[in-house]
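# Fold and contact review
So the chains spell out like this:
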Amino acid sequence: MTITKELSNNTKVEDKNKIENAIREILLAIGENPDRTGLLLTPSRVARMYTEIFSGTKQDPKDEITITYTENHDEIILVRDISFYSMCEHHLIPFFGQAHVAYLPRNGVITGLSKLARVVEAAARRPQLQERMTTQIANAIIEKLNPVGVAVVLEAEHMCMSMRGIKKAGSRTITSVLKGIFETNQASRAEVLSLIRK
Ligand SMILES: [Zn+2]
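Residues numbered from 1 in each chain as written. Predicted model: local features only at pLDDT ≥ 70, side-chain atom pairs only at ≥ 80, totals over all residues. Heavy atoms only, no water.

### Here we look at the overall build of the chain
Put simply, the test is: Secondary structure is summarised from DSSP: a helix means a run of H or I of at least four residues, a strand means a run of E of at least two, and numbering begins at the N terminus for each. Here, residues are in contact when the closest pair of their heavy atoms is within 4.5 Å. For the accessible areas, the method is Shrake-Rupley and the probe is 1.4 Å, while residue cover comes only from the protein chains on display.
Along its length, the chain carries 8 helices and 7 strands. Its C-alpha atoms give the chain principal-axis dimensions of roughly 60 × 40 × 20 Å. Across the chain, contacts joining residues at least 24 apart in sequence account for 68% of those joining residues at least 6 apart. As presented, the chain carries roughly 11300 Å² of accessible surface, and 53% of it is formed by carbon and sulfur atoms.

Okay, here's the thing in structure tokens:
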């Protein structure tokens, strides 16, 4: 599996050990016994999981984009409902939801649809803020494809709002970044937002 490969390629054994030791310390600090049967393998499980869900710290989202050329395609390309899971950098618990990514290509410079999902994934797999993640996705597309316009909308539920603090389960946070023609031209902006909201 790809995940296992990434693990062995990118994660040093000493880093995995550091996570394991830290999780053991946390268990002790909250008054648990890390040596009881149910918790015995927890530090190593969490370490493996962290190297997977934080693998984006070793990736640049824009590297996921490969450029292809097409006959002048001058219509909006939109991938809706790309589901993602990220970790709130303030609380290290998940926020998750859907990303909608649209761009208007310039001179037929496009990328594969699955690459847009990979950009979202790379931006998500790190301690993150939804606002910054939205910007990172837009910037990756701008830097690689130099499109006429980019629109990125993220809708997410934050576990730090659902299970702690104000405990508003089910509330969703929406962030958007509009660049280029989607920022400056009212009609283009309305068109892309209506496609995203469908
Ligand atoms: Zn949070």
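Having seen the model, we can carry on.
### A look at the coordination of the zinc ion
As a reminder of what qualifies: Donor criterion used throughout: N, O or S atom within 2.8 Å of the metal, extended to 3.2 Å for Na, K and Ca. Water excluded; incomplete-looking sites may result.
Protein-derived coordination of the zinc ion comes from Cys-88 (SG), His-91 (ND1) and Cys-160 (SG), at a distance range of 2.1 to 2.2 Å. Of note, the zinc ion draws all its donor residues from one chain, in the sequence arrangement C-x2-H-x68-C.

### Observations concerning the domain arrangement of the chain
Put simply, the test is: For the purposes of this description, domain bounds are those given by an automatic or database domain assignment.
Split by domain assignment, the chain resolves into domain 1 (2–53) and domain 2 (63–197). Between the C-alpha centres of domain 1 and domain 2 there is a distance of 31 Å.

### Here's the deal with the side chain of Gln-130
The criterion, for reference: The buried label goes to any residue with under 20% of its type's maximum accessible area, the exposed label to any with over 50%, and the partly exposed label to all in between, with areas taken from a 1.4 Å probe on protein chains only. Any pair of N or O atoms that falls within 3.5 Å is considered a polar contact. Within protein, one atom must be able to donate a hydrogen and the other to accept it, and sequence-neighbouring residues count only if both atoms are side-chain atoms.
As for its position among the elements, Gln-130 is in helix H5 (residues 130–145). Using a relative accessible area of 2% as the deciding quantity, one classes Gln-130 as buried. There is a polar contact of 3.1 Å between the side chain of Gln-130 and the backbone oxygen of Leu-154. Each residue touching Gln-130, except ones within four places of it in the same chain, is listed here: Phe-95, Leu-154, Glu-155, Ala-156, His-158, Thr-173, Ile-174 and Thr-175.

### Concerning the sheet that holds strand E5 (residues 127–128)
Defined as follows: Whether two strands pair comes down to DSSP finding at least two bridges between them. Fitted lines through C-alpha atoms give the axes, limited to the stretch in contact for helices. The angle between two N-to-C directions lies from 0 to 180 degrees.
Pairing is mixed in the open sheet, where 5 strands are placed in the order E5-E2-E3-E6-E7. Pairing within the sheet leaves two strands with one partner each, and these edge strands are E5 and strand E7 (173–180). Sheet analysis places strand E6 (residues 149–158) next to E7, joined by 8 bridges and oriented antiparallel. Bridging from a neighbouring strand, Glu-155 pairs with Ile-174 of E7. Against the sheet, helix H4 (residues 113–124) engages strand E2 (77–88), strand E3 (94–104) and E5, with an angle of about 20 degrees to E2.

### Notes on H4
The following threshold applies: Here the expected span of a helix is defined as 1.5 Å times the quantity of residues minus one.
Over its 12 residues, H4 runs 18 Å from end to end, which matches the ideal 16 Å to within 8%, given 1.5 Å per residue. Along H4, the positions that sit buried rather than exposed are Leu-116, Val-119, Val-120, Ala-122, Ala-123 and Ala-124.

### A closer look at the side chain of His-100
Within the secondary structure, His-100 is located in strand E3. Among the residues examined, His-100 registers a relative accessible area of 1% and is labelled buried. In terms of polar contacts, His-100 uses its side chain to reach the backbone amide nitrogen of Asp-81, at 2.9 Å.

### With respect to the pattern of salt bridges
Put simply, the rule reads: When a carboxyl oxygen of Asp or Glu is within 4 Å of a side-chain nitrogen of Lys or Arg, the pair counts as a salt bridge.
Taken as a whole, this structure holds 10 salt bridges when the rule is applied. Of the charged contacts in the structure, one is a salt bridge between Arg-24 and Asp-35, with a shortest N-O distance of 3.0 Å. Residue Arg-24 is located in helix H2 (residues 13–29), and its partner Asp-35 is located in the loop between H2 and helix H3 (42–53); the two are separated by 11 residues in the primary sequence. Exposure remark for Asp-35: the relative accessible area of 46% places this residue in the partly exposed category. The shortest N-O distance in the salt bridge between Glu-32 and Arg-36 comes to 2.9 Å. Overall, Glu-32 belongs to the partly exposed group, its relative accessible area being 29%. Because the salt bridges share partners, they merge into one network encompassing Glu-52, Glu-121 and Arg-125.

### Re the environment of Ser-171
Turning to its location among the elements, Ser-171 is positioned in the loop between helix H6 (159–162) and E7. Since its relative accessible area comes to 25%, Ser-171 is described here as partly exposed. Put simply, Ser-171 and Pro-34 are 137 residues apart on the chain and 35 Å apart in space, counted from C-alpha to C-alpha. Apart from the residues lying within four places of it in its own chain, the contact partners of Ser-171 are Ala-156, Glu-157 and Met-161.

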